[in-house]
Amino acid sequence: MNSTIAQLKTRFEQALVSAFGTGYAGTDPMLVPASNPKFGDYQSNVALSLAKPLGQPPRAIAEQLVQHLDISDFCEPATIAGPGFINLAWKSDYLEAELRKMQTDTRLGVDMVKASKRVIVDFSSPNIAKEMHVGHLRSTIIGDSIARILEFQGHDVLRLNHVGDWGTQFGMLITYLREVAPQVLTTADAVDLGDLVAFYKKAKQRFDEDELFKEASRQEVVKLQSGDEESRRAWELLCEQSRREFQIIYDRLDIHLNERGESFYNPLLPGVVEDLERAGLLVEDNGAKCVFLEGFTNKDGNPLPLIIQKSDGGYNYATTDLAAIRYRINQDEAERLVYVTDAGQANHFAQVFQVARRAGWLPDTVEVIHVPFGLVKGEDGKKLKTRSGETVRLRDLLDEAIARAHFDLEVRLKEEHRQETTEFIDHVAQTVGVGAVKYADLSQNRTSDYVFSYDKMLALQGNTAPYMLYAYVRIQGISRKGGIDFNNLTVETAPIAELSSPPSAKPDSSNAIEHTLIELPPAGTAASQFGLNWQPLLTTVLANWKSIALTGLGIYGSIIFIQALLGLFHGINSVPLAQPLFELVGIWATVQFAMKRLLFARDRAELFAEFQAFWHGTVDQLAETADLNSNRPVVALLPKSASLPDIAPLHHTLEPVTLEALPISLQEETELALAKHLLQLNHILSTVETDLLPNRLCQYLFELSQKFNQFYDRCPVLQADEPLRTSRLVLCDLTARTLKLGLSLLGIPVLERM
RNA sequence: GGGCUCUUAGCUCAGUGGAUAGAGCAAUCGCCUUCUAAGCGAUCGGUCACAGGUUCGAAUCCUGUAGAGCCCGCCA
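Calculation rules
- Residues numbered from 1 in each chain as written.
- Chains lettered and ligands numbered in written order.
- Predicted model: local features only at pLDDT ≥ 70, side-chain atom pairs only at ≥ 80, totals over all residues.
- Heavy atoms only, no water.
- Helix = DSSP H or I, 4+ residues; strand = E, 2+ residues; numbered from the N terminus.
- Buried < 20%, exposed > 50% of the residue type's maximum accessible area, 1.4 Å probe, protein only.
- Areas by Shrake-Rupley, 256 points an atom, 1.4 Å probe, with all protein chains shown as cover.
- Expected span 1.5 Å × (residues − 1).
- Near = heavy atom within 4 Å.
- Polar contact = N/O pair within 3.5 Å; in protein donor to acceptor, adjacent residues only side chain to side chain.
- Nonpolar A, V, L, I, M, F, W, Y, C, P; charged D, E, K, R; others polar.
- Contact = heavy atoms within 4.5 Å.
- Phe/Tyr/Trp six-rings, centres within 6.5 Å; stacked < 30°, edge-to-face > 60°.
- Core = buried A, V, L, I, M, F, W, Y, C linked by side-chain atoms within 4.5 Å.
- Pairing = 2+ DSSP bridges.
- Axes fitted to C-alpha atoms, helices over the stretch in contact; angles between N-to-C directions.
- Patch = residues over 30% accessible without salt bridge, like charges linked within 9 Å, V, L, I, M, F, W, Y side chains within 5 Å.
- Salt bridge = Lys/Arg side-chain N within 4 Å of Asp/Glu carboxyl O.

### Some thoughts on the overall build of chain A
No. 1: Along chain A, the regular secondary structure elements total 24 helices and 18 strands.
No. 2: Among the 754 residues that make up chain A, the fraction classed as buried is 46%.
No. 3: Accessible surface, chain A: about 37,500 Å² in total, of which carbon and sulfur atoms supply 55%.

### Description of helix α14 (residues 422-442)
No. 1: Its 21 residues give α14 an end-to-end C-alpha distance of 30 Å, which sits within 8% of 30 Å, the value for a rise of 1.5 Å per residue.
No. 2: The buried fraction of α14 amounts to 16 of the 21 residues, a majority that puts the element mostly inside the structure.

### As for the protein's contact with RNA strand B
No. 1: Taken together, 71 residues are adjacent to RNA strand B, and E262, P305, K310, R412 and Y470 come closest.
No. 2: Here RNA strand B approaches the protein such that, of its atoms within 4 Å, sugar and phosphate make up 61%.
No. 3: Contacts to RNA strand B include Q461, whose side-chain N or O atom sits 3.3 Å from a phosphate oxygen.
No. 4: Y712 has a polar backbone atom sitting 2.5 Å from a base nitrogen of RNA strand B.
No. 5: When contributions to the surface near RNA strand B are tallied by element, the ones reaching two or more residues are α2 (46-54), β4 (85-88), β9 (288-297), β10 (303-309), α13 (394-415), α16 (465-482), α19 (578-601) and α23 (694-714).
No. 6: With 10 residues, α23 is the largest single contributor of residues to the surface near RNA strand B.
No. 7: Of the residues contributing to the surface near RNA strand B, the split by class is 26 nonpolar, 27 polar and 18 charged.

### As for the environment of L304
No. 1: Inspection of the secondary structure puts L304 in strand β10.
No. 2: Remark: the alpha-carbon pair of L304 and T10, spanning 294 residues in sequence, is separated by 50 Å.
No. 3: Contacts of L304, omitting those with residues within four sequence positions, involve V291, F292, L293, F296, T297, N298 and Q351.

### Re unusual backbone geometry
Across residues other than glycine, the phi torsion is negative in most instances, and most of the peptide bonds are trans.
No. 1: Geometrically, the link from E722 to P723 is a cis peptide bond, its omega value of 5° lying close to zero.
No. 2: By the secondary structure assignment, P723 is in the loop between α23 and α24 (724-745).
No. 3: Phi is positive for S125, close to 40°, though the residue is something other than glycine.
No. 4: Overall, S125 belongs to the partly exposed group, its relative accessible area being 25%.
No. 5: Phi at D254 is positive, roughly 55°, even though this residue is not glycine.
No. 6: Mapped onto the elements, D254 comes out in the loop between α9 (229-253) and β7 (258-259).

### Here's the deal with the packing of aromatic side chains
No. 1: Taken as a whole, this structure holds 18 aromatic pairs when the rule is applied.
No. 2: Here F452 and Y454 contribute two aromatic rings whose centre-to-centre distance is 5.0 Å and whose plane-to-plane angle is 90°, an arrangement assigned as edge-to-face.
No. 3: Taken together, the ring pairs in this structure connect Y42, F74, W90 and Y94 into an aromatic cluster.

### Re the nonpolar core
No. 1: The biggest cluster of nonpolar side chains holds 158 residues, and the ones touching the most others in it are L88, W90, V121, L397 and L697.
No. 2: Among the elements that take part in this core, α14 stands out by supplying 11 residues, more than any other.
No. 3: Those residues in contact with V121 that lie beyond four places of it in its chain are G143, I146, A147, L150, V157, L158, R159, L160, V338 and V340.
No. 4: The next biggest cluster of nonpolar side chains, apart from the first, holds 35 residues, and it includes L282, V291, A323 and A334.

### Brief notes about the sheet that holds strand β3 (residues 79-81)
Note: strands within a sheet are paired through backbone hydrogen bonds, in either parallel or antiparallel orientation.
No. 1: One open sheet accounts for 4 strands, arranged β1-β2-β4-β3; its pairing is antiparallel. Each end of this open sheet is capped by a strand with a single partner; those strands are β1 (31-33) and β3. Ignoring which end each strand starts from, the neighbouring axes of this sheet average 35° apart.
No. 2: As paired elements, strand β2 (residues 42-44) and β4 share 3 bridges and run antiparallel to each other. Each residue of the ladder has a partner; that of S44, found in β4, is I86.
No. 3: Here helix α1 (residues 2-20) sits on the sheet in contact with β1, β2 and β4, set at roughly 140° to β1.

### What about the sheet that holds strand β11 (residues 336-342)?
No. 1: Spatial ordering of the open sheet is given by β7-β6-β5-β11-β12, a layout of 5 strands whose pairing is parallel. Edge strands, defined here as strands with exactly one partner in the open sheet, are β7 and β12 (367-373).
No. 2: As paired strands, strand β6 (residues 156-161) and β7 are joined by 2 bridges and run parallel to one another. Among the inter-strand pairings, L160 is bridged to a residue of β7, identified as N258.
No. 3: The strands touched by helix α5 (residues 137-152) are β5 (118-122), β6, β11 and β12; relative to β6, the strand with the most contacts, the crossing angle is about 165°.
No. 4: Along the sheet, helix α12 (residues 346-358) makes contact with β11 and β12, crossing β12 at roughly 175°.

### Thoughts on a nonpolar patch on the surface
No. 1: Where nonpolar side chains cluster on the molecular surface, the patch consists of F561, L565 and L568 and spans about 340 Å² of accessible area.
No. 2: If you trace the backbone, L568 turns up in helix α18 (residues 545-568).

### Considering the pattern of salt bridges
No. 1: This structure, assessed with the given rule, holds 40 salt bridges.
No. 2: Put simply, E420 and R753 hold a salt bridge, and the shortest N to O gap is 3.0 Å. Of the two residues, E420 is situated in the loop between α13 and α14 and R753 in the segment after α24; the sequence distance between them amounts to 333 residues. You'll find E420 and R753 in the same group, each marked buried.
No. 3: Measuring nitrogen to oxygen at the nearest pair gives 4.0 Å for the salt bridge that ties R725 to E722.

Spelled out as structure tokens, the structure:
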């Protein structure tokens, strides 16, 4: 559809020239999506902006423009509205053709970029001396999603984990450990990471309070950075230990990235200083080597320095970042450098980028961009902390989300009288919990602070991961129920009732739900004289005796009430046929009431399934009598967890058709709305590519789920007649594939059932 | 003192110079004999912080004011 919009633009440009002369060649037709569906799908605002230069009323301009406009191959005739808006609406046969193209495309119509770029996404970047905590959440999730989106568009992405494994913090830690627990520096895993974090905190405290300790720490950094054997060994042990811990978190989040920590750039640091000196940018101030910045001033209004080398000879993170920029441009040959870090570092990056630019290290062909994000706040509006005021560990945060998802799921299973395996429940809770954490983060505009709330992110309604996962599950429900293989859609002719054929079951690939063969008793055995198993029915009756008794009382009461009414209106008895009519109405109302009570007392689906089983049994028995199916057991492939057999799908005679010929017809309003939305995926992804705002994709997926649910509500799929049935199945399939793709670009897997 | 970001419905937030500023949650009211109601529909809710300016047109761009958050010489 992107190419169509490009074509529309060209047509408008041509019309502008033929209407108003070559002076208007290259005028932007100002094509934008319609601000309101009632105005159509697209609109041009160009007539309004030309009012002044042309000296004509905008409506008149719009009319002339429309006369010269030929867009009949994909749009309805353009209309002029309001002060001079030109409104456009897609033709439905154009939309149908586009959907057909999308259906056959594994990329769902999303273009590969024409000029693939080498992009570095620098994200996550935890500090080696600490455990991963809530502060790393956003960088990790947002960075991963950005990387996934750029990769999908065909860019060559290098995901870099710029871990904090260098600098003063290590000086502090090593100095402190040497004092209190020297074995940690020489023996692998002498303490666990939690203790290391405790040591780090104490070291930091000492560093802030004790001048002597501070000096020793700085000396330690210099030793480490100059390659001292013993310091180096201690450092390696510490890094190795926390690296393993990080990996556990990354595995849980399904995030892959290449570690290239600050230490990697250590050998390049002297070169940075030399080259800055050569460029004449370096100034010595109080013993430190600095670059004075343009546009940054201190309290007295003097230029602020960026410290490149400290007075003790050590280097700062600014130096490392400068070295990294050079390496990434020269050795990695990256054309776009994306830094996903918190908004608090905006100054730092602006400064570093400025110095790199002034030093001539940043060619015009390279884009460096800081992608900032806001703080994670608690529901009290302050920085998120545990109840005891500690920083929240990432593993605890994920555990909590999963535990809550687990609890919610079990409550619901109980309410719905569903039985599921532990594996199923764990898998769903895991996916929903982690997905909810990711989605909540990504769905918010990253630039603002974000309020973390388990209740909101796990809510089943609203713009949340569970809502979207549910929309996907609904579609899988359709395919299961109808035995639909979306990969192999065919147009089906009139159904033939062939009830005893084994049902085809769709393999459950992403979910790995266990299936098991359930052998039903052969038709005609004593256990099922009429194919009906009495035992569960008896259990039902016993379990629901209260409801049944109430129903009975209701029926009896109704009869008495009707009789009383009839008595009251005794006179009417003389009217012919009045009495039987009243009785009929009474009985009908009573039956309705009874049905309703019964149906609430017992899950409808199960009752329906029992009825089906009864029906099957009867048909089998009849078939056996006719010697068509003798001694053939009924075998059904079912999820292990299913308590009752699924209903065998109707089998149809199949007439394969080419995908291009798949009937797609968009008639209902919800079908059209869904179709139009599906076709916007490509456009949305290209906006995310430039703005690096994954919340745009979230918004799109949420609206897609809403539009699907509206469609689902109003348009029966499986019960529809052909060719409408297949047309709707195509819409279902495209929605499912779009959701799956979209969520995967956010780093969230889908579920087949939940 | 300087810099950056922000201020939109009761709450959490979208919003790309364009028509009557949108969602979700909460509240109120409907819709299950129908593919999972974890759904759908309806109602209620606005001085887009404030004041100027630019523009045919401003929540959006510019200036100022007020408020909030973050950052600011040898931590990263």
